[in-house]
Structure formats: C-alpha cells, structure tokens
Amino acid sequence: MRLVTDPLLRRRVAHLVRDTEPPAVRTVDAVLLSHLHFDHLDLPSLEALGRSTPIVAPRGSRRLLRRFADVTEIAVGETIGIGGVGITATPAAHDGRRWPIGRPLDALGYVIEGSSRVYFAGDTDLFPGMAELAPVDVALLPVWGWGRTVGHGHLDPPRASAAVGLLRPRVVVPIHWGTYRIAGARRPDRSPPERFRGLALDAEVRILAPGESLALPVS
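Residues numbered from 1 in each chain as written. Predicted model: local features only at pLDDT ≥ 70, side-chain atom pairs only at ≥ 80, totals over all residues. Heavy atoms only, no water.

**Quick look at the nonpolar core**
Turning to step 1, where the next piece is worked out: Formed by 23 residues in total, the largest nonpolar core has its most connected members in Tyr 119, Leu 141, Val 164, Leu 167 and Phe 196.
Turning to step 2, where the next piece is worked out: Looking at this core, the elements that each hand over two or more residues are strand 11 (138–142) and helix 2 (157–167).
Turning to step 3, where the next piece is worked out: Residue contributions to this core peak at 4 residues, all from helix 2.
Turning to step 4, where the next piece is worked out: Residues Leu 41, Leu 65, Val 71 and Leu 105 belong to the second largest nonpolar core, which totals 15 residues. (Core = buried A, V, L, I, M, F, W, Y, C linked by side-chain atoms within 4.5 Å. Buried < 20%, exposed > 50% of the residue type's maximum accessible area, 1.4 Å probe, protein only. Helix = DSSP H or I, 4+ residues; strand = E, 2+ residues; numbered from the N terminus.)

The following block contains the structure:
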C-alpha cells in the first residue's frame, strides 16, 4: 500500500523554491491532504499523480478539487478504508483555509492503521488531544518550516519533543524541514531535526534526507 501525504513536487510554488530534486512520480494508491494551504495542496502536483488517483481531504475542499475524479471528504474522528488500511482523521491545531480568501476549514492529521500504526501530523501545534492517539508505531512530526521562524500553528523542536511524550511512538521521523525556502533566501536551515533528536529522548528518531527512505519491521 503506497500513500502520499501533501505532495509538493514542483521546483517552485509561489514564493517558495525547492532546494532538492523533486522525487520521481510513481503510482500511488491514494493521496492524503491535511489542509488547503498552497504548500500542502498543490493542484499541479496532484495532477502529476493522475486525476483518477483517490484523494482524501478535509470536509469542505471538494470544490477546490473538482477536476479530480475520486475525492473523499473526511472530518475529525471519521475513518475510511482504502485497500484494507484504515485511515482516521485526527485534529490539528492549525488554520486550514485556502488563503487569502478561503473560508475557515479544519486542518487534519491522519492515523493510518495496517500492519503498523502510523501518525501523520500535517501542520499542527501541540494540543492535549495528541495523547488520545497514543500509542503509535511511527510518528511523522513537523519540526520546522520554510522560513527563519515558525509561529503559532506549527511545531518546532521543543514542541515536537513534547508531542513525542504524548504520542509515545516507537519511531519518529521529523518532517517539514530542509526542502523549500523563500526565493532569494539562503539555503534552508538543516539543524532543526538534529535539535529535535537531542530533545526527543523517549523514542527512536530517524532523520531522513529529502528523498531517502526507511524500512520498518511490521508490529
């Protein structure tokens, strides 16, 4: 089963430029979208995966995705099945609307349950309800962004390490760092995942370079 989360596959998106080579597009079973921001829901990247590829997205996003044939809207707490894998939408402390004129919509995370239990956080700040998702085998946690700082609605290394204490994962993969930067800015800061590893002492932290893969034993 191959799932893609928030695919952003272009060299440039609005004011952001990619600092690594885009990955090769491969056939996927479904796409999970956490929210509607341009750096998480990129229509050309979705088209590159095929207009018939199943898409799971927050409730209220169907109009934006109307050119795609198979869109399932989902709300917090709902579970759907794809190919024998259960996918549950979880809360995310983040403004998920499509700026600048989009109406308010929830941002989501996802818990994917098959041979292992994987939590993809999307964009989120720390919230107490993370403890209700525990335990998970793998947590994909954002630890930074594409600017010099991250504000409300995002995790930085200290807040991401606090999330580890709530989620109790076996393995953590820090995400949302080092891939994009503002056009004209210096190369992105690659220190956040190492700072996160120094703080997250209750789980195995696996730092993957963009494009690198990780194989885990089934639970």
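**Brief notes about the sheet that holds strand 3 (residues 16–18)**
Turning to step 1, where the next piece is worked out: On the basis of which strands lie adjacent, the open sheet formed by 3 strands has the order 2-3-13 and antiparallel pairing. Every other strand in the sheet has two partners, leaving strand 2 (12–13) and strand 13 (180–182) as the edge strands with one partner each. (Pairing = 2+ DSSP bridges.)

**As for the packing of aromatic side chains**
Turning to step 1, where the next piece is worked out: Counted under the stated rule, the structure contains 0 aromatic pairs.
Turning to step 2, where the next piece is worked out: One Lys or Arg, Arg 195, reaches over the ring of Trp 144 and ends 5.3 Å from the middle of that ring. (Phe/Tyr/Trp six-rings, centres within 6.5 Å; stacked < 30°, edge-to-face > 60°. Lys NZ or Arg CZ within 6 Å of the ring centre and 35° of its normal.)

**Considering the pattern of salt bridges**
Oppositely charged side chains may form a pair once their charged atoms are brought near each other.
Turning to step 1, where the next piece is worked out: On inspection of all chains with the given rule, the structure shows 15 salt bridges.
Turning to step 2, where the next piece is worked out: In this structure, Arg 97 and Asp 95 form a salt bridge, with 3.1 Å as the shortest nitrogen-oxygen distance.
Turning to step 3, where the next piece is worked out: For Arg 97, a relative accessible area of 22% corresponds to the partly exposed category.
Turning to step 4, where the next piece is worked out: One network of salt bridges, in which partners are shared, links Asp 19, Arg 181 and Arg 190. (Salt bridge = Lys/Arg side-chain N within 4 Å of Asp/Glu carboxyl O.)

**Considering the environment of Gly 198**
Turning to step 1, where the next piece is worked out: Counting through the fold element by element, Gly 198 comes out in helix 3 (residues 192–199).
Turning to step 2, where the next piece is worked out: The exposure class assigned to Gly 198 is exposed, which follows from its relative accessible area of 52%.

**A few points about the sheet that holds strand 1 (residues 3–5)**
Turning to step 1, where the next piece is worked out: Taken in spatial order, the 4 strands of this open sheet run 1-4-5-6, and their pairing is parallel. One side of each edge strand has no neighbouring strand; the edge strands of this open sheet are strand 1 and strand 6 (71–74). The average undirected angle you get between the axes of adjacent strands in this sheet is 25 degrees.
Turning to step 2, where the next piece is worked out: Across 3 bridges, the pairing between strand 1 and strand 4 (residues 30–32) is parallel. Bridge pairing in strand 4 places Leu 3 opposite Ala 30. (Axes fitted to C-alpha atoms, helices over the stretch in contact; angles between N-to-C directions.)

**Some remarks on the environment of His 40**
Turning to step 1, where the next piece is worked out: Checked against the element boundaries, His 40 lands in the loop between strand 4 and helix 1 (43–48).
Turning to step 2, where the next piece is worked out: Judged by its relative accessible area of 4%, His 40 is buried.
Turning to step 3, where the next piece is worked out: Between the C-alpha atom of His 40 and that of Thr 5, which follows or precedes it by 35 residues, the distance is 8.5 Å.
Turning to step 4, where the next piece is worked out: In this view, His 40 contacts Asp 6, Pro 7, Leu 33, Ser 34, His 35, Asp 123 and His 176; residues no more than four positions away in its chain are not counted.
Turning to step 5, where the next piece is worked out: At 3.1 Å, the side chain of His 40 and the side chain of Asp 123 are in polar contact. (Contact = heavy atoms within 4.5 Å. Polar contact = N/O pair within 3.5 Å; in protein donor to acceptor, adjacent residues only side chain to side chain.)

**Some points on the layout of surface pockets**
Turning to step 1, where the next piece is worked out: Counted as a void, the second largest pocket has a volume near 350 Å³.
Turning to step 2, where the next piece is worked out: Along the walls of the second largest pocket sit 19 residues, with His 15, His 37, Asp 39, Trp 146 and His 154 positioned nearest its centre.
Turning to step 3, where the next piece is worked out: Across the lining of the second largest pocket, the residue classes break down as 7 nonpolar, 9 polar and 3 charged. (1 Å grid on protein atoms, 1.4 Å probe; cavity = no way out; pocket = protein on both sides within 12 Å on 5 of 7 lines; lining within 4 Å. Points joined across faces, edges and corners; volume = space filled by probe spheres on them. Nonpolar A, V, L, I, M, F, W, Y, C, P; charged D, E, K, R; others polar.)

**Observations regarding unusual backbone geometry**
Turning to step 1, where the next piece is worked out: The peptide bond linking Ala 134 to Pro 135 adopts the cis configuration, its omega dihedral lying at -10 degrees.
Turning to step 2, where the next piece is worked out: Along the chain, Pro 135 turns up in the loop between strand 10 (117–120) and strand 11.
Turning to step 3, where the next piece is worked out: Although it is not a glycine, Asp 6 sits at a positive phi angle of roughly 45 degrees.
Turning to step 4, where the next piece is worked out: Its location among the elements puts Asp 6 in the loop between strand 1 and strand 2.
Turning to step 5, where the next piece is worked out: Positive phi values are uncommon outside glycine, yet His 176 reaches one of about 65 degrees.
Turning to step 6, where the next piece is worked out: Turning to its location among the elements, His 176 is positioned in the loop between strand 12 (171–175) and strand 13.

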